[in-house]
Amino acid sequence: MEIQITDKFCILTPLTPRLDERETSRLFDDIRQHKDYEIGLDLSFVQDCTIEFLDELRAFSKERSVGIFNIASDIFTIFNFMQVDKQINLFVNESDFKLNKHRLLNRRFNLV
């Protein structure tokens, strides 16, 4: 795992292609150690995630805000399907996360 700390941001980059239960617990243990920073997760190397990651992410988002960026299309589809985008800030890249602009939202409009 790669950790970058700048000014007020802590960006964690898991270097594994799959976030399973073991990697999820390691990731969130590291996140909880950096309480004074805004947390960003760079998922550029991640291609697959398990339900344990999604559950832990939802539980953690109730404690603190977290931003996720560089999301693979398969994972982004899962996030939208499970409505994770309503609880967690999703961004396209790191600069959007740092500026807190251009959030990815699925608004689910319906025609009446």
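Residues numbered from 1 in each chain as written. Predicted model: local features only at pLDDT ≥ 70, side-chain atom pairs only at ≥ 80, totals over all residues. Heavy atoms only, no water.

1. Focus: the pattern of salt bridges
At step 1: Inspection of the entire model under this criterion finds eight salt bridges.
At step 2: When the shortest N-O distance is used, the salt bridge between Lys8 and Glu38 registers 3.8 Å. Pair noted here: Lys8 is in the loop between β1 (2-6) and β2 (9-13) and Glu38 is in strand β4 (residues 38-42), with a separation of 30 residues, a long-range link.
At step 3: Judged by its relative accessible area of 37%, Glu38 is partly exposed.
At step 4: Put simply, Arg32 and Glu63 hold a salt bridge, and the shortest N to O gap is 3.8 Å. Of this pair, Arg32 sits in helix α1 (residues 21-33) while Glu63 is found in helix α2 (residues 51-63), placing the two residues 31 residues apart along the sequence. (Salt bridge = Lys/Arg side-chain N within 4 Å of Asp/Glu carboxyl O. Helix = DSSP H or I, 4+ residues; strand = E, 2+ residues; numbered from the N terminus. Buried < 20%, exposed > 50% of the residue type's maximum accessible area, 1.4 Å probe, protein only.)

2. With respect to α2
At step 1: The end-to-end C-alpha distance of α2, which contains 13 residues, comes to 19 Å, matching closely the 18 Å that a straight helix rising 1.5 Å per residue would cover.
At step 2: On its buried face, α2 sits against β3 (18-19), α1, β4, β5 (48-49), β6 (66-69) and α3 (73-81). (Expected span 1.5 Å × (residues − 1). Contact = heavy atoms within 4.5 Å.)

3. Quick look at the sheet that holds β1
At step 1: Spatial ordering of the open sheet is given by β1-β2-β4-β6-β7, a layout of five strands whose pairing is mixed. What marks the edges here is a single partner per strand, and that holds for β1 and β7 (89-90).
At step 2: Taken together, the four bridges between β4 and β6 define a ladder with parallel strand orientation. Within the sheet, the bridge partner assigned to Leu41 lies in β6 and is Ile68. (Pairing = 2+ DSSP bridges.)

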